[in-house]
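Survey of secondary and tertiary structure
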Amino acid sequence: MNINTHSQAVEKNWTELKGKIKSKWSKFNDQEIESVKGNLSDLADKIQKTYGVGEDSAIQQFDEFKRSVESLIGGNEASKPAVAEMAKSEMTKPTLVPSPEKEVKTG
């Protein structure tokens with residue numbers, strides 16, 4: 001989801017979003033948080049640099065955060081890729097069908 005396309009929602013809810021960012025990533029100072037106001041996607045880079053985590057981990061944390069605040073950033077597009085991926089993986093799972101037990105004749 002491109003959060004910039006929902007900048008009005010971000011602007012409108014900035015105080016609450018800022019509090020949630022500060023709560024989740026307490027190492028960020030107010031200036032660092034304010035610097036991502038125009039482009040929340042920059043938050044993943046800040047997570048990576050400030051917390052010393054890998055790019056994948058930073059992106060995962062950011063994606064989880066986006067999903068948790070989607071009502072504040074204007075839409076539910078954040079969850080669509082994950083839902084689509086889940087559906088795709090469900091379709092490719094093999095279906096296990098129990099085989100009928102064979103009767104064993106004795107004697």
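Before any of the text, the structure's been laid out above.
Quick summary incoming for the structure in this document. (Residues numbered from 1 in each chain as written. Predicted model: local features only at pLDDT ≥ 70, side-chain atom pairs only at ≥ 80, totals over all residues. Heavy atoms only, no water.)

Section: the nonpolar core
For soluble globular proteins, nonpolar side chains are generally found buried alongside one another. Core analysis: the largest hydrophobic core is formed by 18 residues, its most contacted members being Trp14, Leu17, Ile21, Leu40 and Leu43. For this core, the elements supplying multiple residues, two or more each, are α2 (14–24), α4 (43–51), α5 (55–68) and α6 (70–73). Not counting residues up to four positions away in its chain, the partners in contact with Ile21 are Trp14, Phe28, Ile33, Leu40, Leu43 and Phe65. (Core = buried A, V, L, I, M, F, W, Y, C linked by side-chain atoms within 4.5 Å. Buried < 20%, exposed > 50% of the residue type's maximum accessible area, 1.4 Å probe, protein only. Helix = DSSP H or I, 4+ residues; strand = E, 2+ residues; numbered from the N terminus. Contact = heavy atoms within 4.5 Å.)

Section: the packing of aromatic side chains
Going through the model one piece at a time under the given rule, you end up with 3 aromatic pairs. Aromatic side chains Phe28 and Tyr51 sit 5.9 Å apart centroid to centroid with 85° between the ring planes, which places their arrangement in the edge-to-face category. Of this pair, Phe28 sits in the loop between α2 and α3 (30–35) while Tyr51 sits in helix α4, placing them 23 residues apart in sequence. Judged by its relative accessible area of 1%, Phe28 is buried. In this structure an aromatic cluster arises from ring pairing among Trp25, Phe28, Tyr51 and Phe65. (Phe/Tyr/Trp six-rings, centres within 6.5 Å; stacked < 30°, edge-to-face > 60°.)

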